[in-house]
Amino acid sequence: MNMRRLCSLNELRDRGARGFELSLPDGTKASFIVVRDGDAVYVYHNRCPHTGINLEWQPDQFLDPDGAFLQCATHGALFRPEDGYCVRGPCAGDRLQAVPAAVIDGEVAIRA
Ligand code: FES
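Residues numbered from 1 in each chain as written. Predicted model: local features only at pLDDT ≥ 70, side-chain atom pairs only at ≥ 80, totals over all residues. Heavy atoms only, no water.

Novice: Is there a simple way to think about the sheet that holds strand β3 (residues 29-37) in this case?
Specialist: To summarise the sheet geometry, strands pair through backbone hydrogen bonds and adopt either a parallel or an antiparallel arrangement. Taken in spatial order, the three strands make up an open sheet running β2-β3-β4, and their pairing is antiparallel. For this open sheet the edge positions go to β2 (17-23) and β4 (40-45), each flanked by a neighbour on one side alone. Taking the axes of each pair of neighbouring strands and ignoring which way they run, one obtains an average angle of 30 degrees across the sheet. Pairing of β2 with β3 involves seven bridges; the strand directions are antiparallel. Directly across from Phe20, in β3, lies its bridge partner Phe32. (Pairing = 2+ DSSP bridges. Helix = DSSP H or I, 4+ residues; strand = E, 2+ residues; numbered from the N terminus. Axes fitted to C-alpha atoms, helices over the stretch in contact; angles between N-to-C directions.)

Novice: Looking at this model, I keep getting lost on the side chain of Asp64. Mind explaining?
Specialist: Here Asp64 shows up in the loop between β4 and β5 (70-71). Salt bridges are absent for the buried Asp64, whose nearest opposite-charge side chain, Arg88, sits at 7.4 Å. (Buried < 20%, exposed > 50% of the residue type's maximum accessible area, 1.4 Å probe, protein only. Lys, Arg positive; Asp, Glu negative; His and termini not counted. Salt bridge = Lys/Arg side-chain N within 4 Å of Asp/Glu carboxyl O.)

Interpretation in functional terms is not warranted from these geometric data alone.
This is the structure in structure tokens:
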């Protein structure tokens, strides 16, 4: 697996989240959530651990109204941005699947 560029860090709002879709080498597509916290990023597969559906209804709408948690738009489950842990909802105690990510020379890249 190679590092794949997603975007520049400064294209992400601090404490904001954005969705990305990538074509993988096997021809399938995968959907990711990227959360920025200062100079750090957290990336997850855009897939709820309990049903496998995407978390958002609207493009890039991943955060709860307070901007504190990632939220499943269908069921309201809340996930910590820093580790994907579900603190409330049908999948409480589960986690979003993390994707290895790095910021290299101001560019956000993931291993995919
Ligand atoms: S699909 Fe799992 S909380 Fe909504």
